[in-house]
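So you can see what is in the structure, the chains are spelled out below.
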Amino acid sequence: MTDGQKPSERGRGRPKKGRELDVDALFEAAVANFAEWGFERASLRKIAGQAGVDVALISYRYGSKLALWMAVVDAVAEETLIRIRESQELCRELPPNEQMDRLCREMVDLVGARPLFAQLLISEIMTNADSERKALIEERLARPVYELLLGCVRTIRGPDDGPREVDTGLSLIAAMSMIGSVISTQIFFQRLIPAAGDKQQLFRQLAVLMRRLI
(Lines give C-alpha, C1' and ligand atoms only; values in the text may rest on other atoms or scores of the structure.)
Protein backbone atom coordinates (compact mmCIF):
# COMPACT_ATOMS: atom_id res chain seq x y z
CA MET A 1 0.00 0.00 0.00
CA THR A 2 1.20 3.51 -0.69
CA ASP A 3 1.09 6.49 1.59
CA GLY A 4 -1.04 8.37 -0.93
CA GLN A 5 -4.58 8.75 0.25
CA LYS A 6 -7.20 6.94 -1.82
CA PRO A 7 -10.61 8.49 -2.53
CA SER A 8 -12.19 6.03 -0.08
CA GLU A 9 -9.78 7.19 2.62
CA ARG A 10 -11.05 10.75 2.95
CA GLY A 11 -10.85 11.79 6.56
CA ARG A 12 -12.92 14.07 8.71
CA GLY A 13 -10.09 16.42 9.55
CA ARG A 14 -6.39 16.09 10.22
CA PRO A 15 -5.72 14.52 13.64
CA LYS A 16 -3.33 16.04 16.11
CA LYS A 17 0.30 15.04 15.89
CA GLY A 18 1.12 11.90 17.80
CA ARG A 19 2.22 8.37 17.18
CA GLU A 20 2.58 7.59 13.49
CA LEU A 21 0.28 4.97 12.03
CA ASP A 22 1.91 1.53 11.91
CA VAL A 23 -0.02 -0.02 9.02
CA ASP A 24 1.13 -3.58 9.76
CA ALA A 25 0.08 -3.35 13.41
CA LEU A 26 -3.20 -1.73 12.41
CA PHE A 27 -4.02 -4.44 9.88
CA GLU A 28 -3.19 -7.17 12.40
CA ALA A 29 -5.47 -5.54 14.95
CA ALA A 30 -8.21 -5.09 12.34
CA VAL A 31 -8.08 -8.73 11.25
CA ALA A 32 -8.11 -9.92 14.88
CA ASN A 33 -11.12 -7.77 15.74
CA PHE A 34 -13.07 -8.55 12.58
CA ALA A 35 -12.41 -12.26 13.09
CA GLU A 36 -13.41 -12.24 16.76
CA TRP A 37 -16.35 -9.85 16.69
CA GLY A 38 -17.51 -9.89 13.08
CA PHE A 39 -17.67 -6.76 10.97
CA GLU A 40 -20.79 -5.34 12.62
CA ARG A 41 -19.62 -5.67 16.22
CA ALA A 42 -16.01 -4.69 15.62
CA SER A 43 -15.29 -1.00 16.09
CA LEU A 44 -12.56 1.38 15.03
CA ARG A 45 -12.07 2.24 18.70
CA LYS A 46 -11.36 -1.41 19.60
CA ILE A 47 -9.03 -1.75 16.63
CA ALA A 48 -7.21 1.47 17.50
CA GLY A 49 -6.76 0.36 21.10
CA GLN A 50 -5.24 -2.95 20.08
CA ALA A 51 -2.99 -1.27 17.49
CA GLY A 52 -1.94 1.37 20.01
CA VAL A 53 -2.94 4.37 17.93
CA ASP A 54 -5.45 7.20 18.19
CA VAL A 55 -8.79 6.28 16.60
CA ALA A 56 -8.81 9.74 14.95
CA LEU A 57 -5.71 8.75 12.99
CA ILE A 58 -7.50 5.70 11.56
CA SER A 59 -10.57 7.77 10.72
CA TYR A 60 -8.40 10.37 8.99
CA ARG A 61 -6.49 7.78 6.97
CA TYR A 62 -9.39 5.51 5.97
CA GLY A 63 -12.60 7.40 6.72
CA SER A 64 -14.74 4.44 7.74
CA LYS A 65 -14.69 0.91 9.11
CA LEU A 66 -15.65 -0.49 5.70
CA ALA A 67 -12.78 1.37 4.02
CA LEU A 68 -10.33 -0.12 6.55
CA TRP A 69 -11.82 -3.58 5.98
CA MET A 70 -11.39 -3.12 2.22
CA ALA A 71 -7.80 -1.96 2.66
CA VAL A 72 -7.01 -5.14 4.63
CA VAL A 73 -8.57 -7.36 1.96
CA ASP A 74 -6.71 -5.48 -0.78
CA ALA A 75 -3.38 -5.79 1.03
CA VAL A 76 -3.76 -9.56 1.52
CA ALA A 77 -4.87 -9.99 -2.09
CA GLU A 78 -1.89 -8.03 -3.38
CA GLU A 79 0.61 -9.98 -1.30
CA THR A 80 -0.97 -13.31 -2.29
CA LEU A 81 -0.86 -12.53 -6.00
CA ILE A 82 2.76 -11.35 -5.76
CA ARG A 83 3.82 -14.48 -3.87
CA ILE A 84 2.13 -16.81 -6.36
CA ARG A 85 3.74 -15.06 -9.34
CA GLU A 86 7.17 -15.07 -7.68
CA SER A 87 6.86 -18.77 -6.85
CA GLN A 88 5.79 -19.54 -10.41
CA GLU A 89 8.77 -17.65 -11.82
CA LEU A 90 11.30 -19.23 -9.45
CA CYS A 91 10.26 -22.79 -10.20
CA ARG A 92 9.57 -22.41 -13.92
CA GLU A 93 12.53 -24.62 -14.90
CA LEU A 94 11.68 -27.41 -12.44
CA PRO A 95 9.90 -30.64 -13.48
CA PRO A 96 6.08 -30.32 -13.42
CA ASN A 97 5.67 -32.45 -10.29
CA GLU A 98 8.10 -30.28 -8.36
CA GLN A 99 6.40 -27.11 -9.62
CA MET A 100 3.04 -28.38 -8.38
CA ASP A 101 4.50 -29.36 -5.02
CA ARG A 102 6.06 -25.91 -4.68
CA LEU A 103 2.77 -24.20 -5.53
CA CYS A 104 0.88 -26.25 -2.93
CA ARG A 105 3.43 -25.50 -0.22
CA GLU A 106 3.31 -21.80 -1.07
CA MET A 107 -0.47 -21.68 -0.74
CA VAL A 108 -0.46 -23.48 2.59
CA ASP A 109 2.24 -21.13 3.90
CA LEU A 110 0.26 -18.09 2.72
CA VAL A 111 -2.91 -19.19 4.49
CA GLY A 112 -0.97 -20.36 7.53
CA ALA A 113 0.69 -16.97 7.93
CA ARG A 114 -2.74 -15.43 8.63
CA PRO A 115 -5.04 -17.95 10.33
CA LEU A 116 -7.29 -15.16 11.63
CA PHE A 117 -7.75 -13.81 8.12
CA ALA A 118 -8.81 -17.29 6.99
CA GLN A 119 -11.31 -17.32 9.87
CA LEU A 120 -12.53 -13.87 8.84
CA LEU A 121 -13.06 -14.93 5.21
CA ILE A 122 -14.90 -18.11 6.16
CA SER A 123 -17.19 -16.14 8.46
CA GLU A 124 -17.89 -13.50 5.82
CA ILE A 125 -18.60 -16.05 3.08
CA MET A 126 -20.65 -18.53 5.11
CA THR A 127 -22.59 -16.49 7.64
CA ASN A 128 -22.52 -12.87 6.57
CA ALA A 129 -25.66 -11.58 4.89
CA ASP A 130 -24.02 -8.41 3.60
CA SER A 131 -23.92 -8.77 -0.18
CA GLU A 132 -21.61 -5.77 -0.62
CA ARG A 133 -18.76 -7.28 1.38
CA LYS A 134 -19.23 -10.66 -0.27
CA ALA A 135 -19.04 -9.00 -3.68
CA LEU A 136 -15.87 -7.14 -2.61
CA ILE A 137 -14.24 -10.37 -1.44
CA GLU A 138 -15.04 -12.00 -4.77
CA GLU A 139 -13.89 -9.04 -6.87
CA ARG A 140 -10.76 -8.03 -4.99
CA LEU A 141 -9.48 -11.32 -3.56
CA ALA A 142 -11.21 -14.59 -4.41
CA ARG A 143 -11.54 -14.26 -8.19
CA PRO A 144 -8.06 -12.81 -8.94
CA VAL A 145 -6.35 -15.43 -6.74
CA TYR A 146 -8.49 -18.27 -8.10
CA GLU A 147 -7.88 -17.31 -11.74
CA LEU A 148 -4.12 -16.95 -11.20
CA LEU A 149 -3.90 -20.30 -9.39
CA LEU A 150 -6.01 -22.03 -12.02
CA GLY A 151 -3.74 -20.64 -14.73
CA CYS A 152 -0.68 -21.85 -12.84
CA VAL A 153 -2.09 -25.36 -12.46
CA ARG A 154 -3.02 -25.59 -16.14
CA THR A 155 0.37 -24.26 -17.22
CA ILE A 156 2.18 -26.80 -15.05
CA ARG A 157 0.08 -29.66 -16.37
CA GLY A 158 0.63 -28.59 -19.97
CA PRO A 159 -1.51 -28.92 -23.08
CA ASP A 160 -1.27 -32.73 -23.17
CA ASP A 161 -2.99 -33.18 -19.81
CA GLY A 162 -6.03 -35.37 -20.40
CA PRO A 163 -9.59 -35.04 -19.06
CA ARG A 164 -10.13 -35.45 -15.34
CA GLU A 165 -12.94 -36.97 -13.34
CA VAL A 166 -13.31 -33.81 -11.23
CA ASP A 167 -13.25 -30.28 -12.66
CA THR A 168 -9.93 -28.59 -11.97
CA GLY A 169 -11.60 -25.41 -10.74
CA LEU A 170 -13.73 -27.35 -8.26
CA SER A 171 -10.68 -29.27 -7.05
CA LEU A 172 -8.84 -25.99 -6.49
CA ILE A 173 -11.72 -24.41 -4.57
CA ALA A 174 -12.07 -27.55 -2.45
CA ALA A 175 -8.36 -27.55 -1.69
CA MET A 176 -8.24 -23.89 -0.65
CA SER A 177 -11.41 -24.23 1.42
CA MET A 178 -9.92 -27.24 3.18
CA ILE A 179 -6.69 -25.41 3.97
CA GLY A 180 -8.47 -22.35 5.32
CA SER A 181 -10.88 -24.37 7.45
CA VAL A 182 -8.22 -26.61 8.99
CA ILE A 183 -5.74 -23.81 9.71
CA SER A 184 -8.37 -21.49 11.21
CA THR A 185 -9.58 -24.29 13.54
CA GLN A 186 -6.14 -25.73 14.33
CA ILE A 187 -6.29 -24.96 18.06
CA PHE A 188 -9.55 -26.87 18.44
CA PHE A 189 -8.62 -29.89 16.32
CA GLN A 190 -5.19 -30.39 17.86
CA ARG A 191 -7.09 -32.05 20.72
CA LEU A 192 -8.18 -34.75 18.26
CA ILE A 193 -5.35 -34.93 15.73
CA PRO A 194 -1.73 -34.99 16.97
CA ALA A 195 -0.50 -33.53 13.66
CA ALA A 196 -2.56 -30.38 14.25
CA GLY A 197 -0.40 -29.55 17.26
CA ASP A 198 2.78 -29.40 15.19
CA LYS A 199 2.54 -26.44 12.83
CA GLN A 200 5.28 -27.54 10.43
CA GLN A 201 3.98 -31.10 10.24
CA LEU A 202 0.43 -29.84 9.75
CA PHE A 203 1.47 -27.54 6.90
CA ARG A 204 3.42 -30.33 5.18
CA GLN A 205 0.45 -32.67 5.33
CA LEU A 206 -1.97 -30.01 4.13
CA ALA A 207 0.29 -29.37 1.13
CA VAL A 208 0.21 -33.10 0.36
CA LEU A 209 -3.60 -33.13 0.60
CA MET A 210 -3.86 -30.10 -1.67
CA ARG A 211 -1.55 -31.78 -4.17
CA ARG A 212 -3.77 -34.86 -4.22
CA LEU A 213 -6.92 -32.81 -4.69
CA ILE A 214 -5.66 -30.82 -7.65
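Bear in mind that the values here come from a model prediction, so they are computed numbers and not experimental data. (Residues numbered from 1 in each chain as written. Predicted model: local features only at pLDDT ≥ 70, side-chain atom pairs only at ≥ 80, totals over all residues. Heavy atoms only, no water.)

Enquirer: Would you mind going over the overall build of the protein chain in detail, with residue names and values included?
Expert: Assigned secondary structure in the protein chain consists of 10 helices and 0 strands. Helices (α) and strands (β) of the protein chain occur, in sequence order from the N terminus, as α-α-α-α-α-α-α-α-α-α. Counting over 214 residues, the protein chain shows a buried share of 42%. Within the protein chain, counting contacts between residues at least 6 apart in sequence, those at least 24 apart form 71% of the total. (Helix = DSSP H or I, 4+ residues; strand = E, 2+ residues; numbered from the N terminus. Buried < 20%, exposed > 50% of the residue type's maximum accessible area, 1.4 Å probe, protein only. Contact = heavy atoms within 4.5 Å.)

Enquirer: Break down the confidence of the model for the protein chain for me, with residues and values.
Expert: In the predicted model, the protein chain carries a mean pLDDT of 87, and the fraction of residues at 70 or more is 90%. When pLDDT is averaged over each helix and strand of the protein chain, the minimum, 85, is found for helix 9 (residues 186-189) and the maximum, 95, for helix 5 (residues 96-112). When the criterion is pLDDT under 50, residues 1-18 qualifies, and its contacts beyond four places in sequence or with other chains add up to 33 contacts. (pLDDT = per-residue confidence, 0-100.)

Enquirer: Explain the packing of helix 7 (residues 131-157) against helix 8 (residues 168-184) to me, and be specific about the residues and the numbers.
Expert: Running from N to C, helix 7 and helix 8 point in directions that differ by 120°, and their axes come no closer than 10 Å. For the element pair helix 7 / helix 8, the angle class is oblique. Relative to helix 8, helix 7 is oriented so that their crossing is right-handed. Residues Tyr 146, Leu 149, Leu 150, Val 153 and Arg 157 of helix 7 form the contact with helix 8, whose participating residues are Thr 168, Gly 169, Leu 172, Ile 173 and Met 176. Across the contact of helix 7 with helix 8, the residue classes break down as 7 nonpolar, 2 polar and 1 charged. (Axes fitted to C-alpha atoms, helices over the stretch in contact; angles between N-to-C directions. Parallel < 35°, antiparallel > 145°, perpendicular 65-115°, else oblique. Left-handed = near helix turned anticlockwise from the far one by under 90°. Nonpolar A, V, L, I, M, F, W, Y, C, P; charged D, E, K, R; others polar.)

Enquirer: Can you lay out the state of the cysteines for me, pointing to particular residues and giving the numbers?
Expert: Scanning the model with the defined rule gives 0 disulfides in all. Take Cys 91: it sits in no disulfide, and the sulfur closest to it among the cysteines is that of Cys 152, at 8.2 Å. (Disulfide = S-S within 2.5 Å.)

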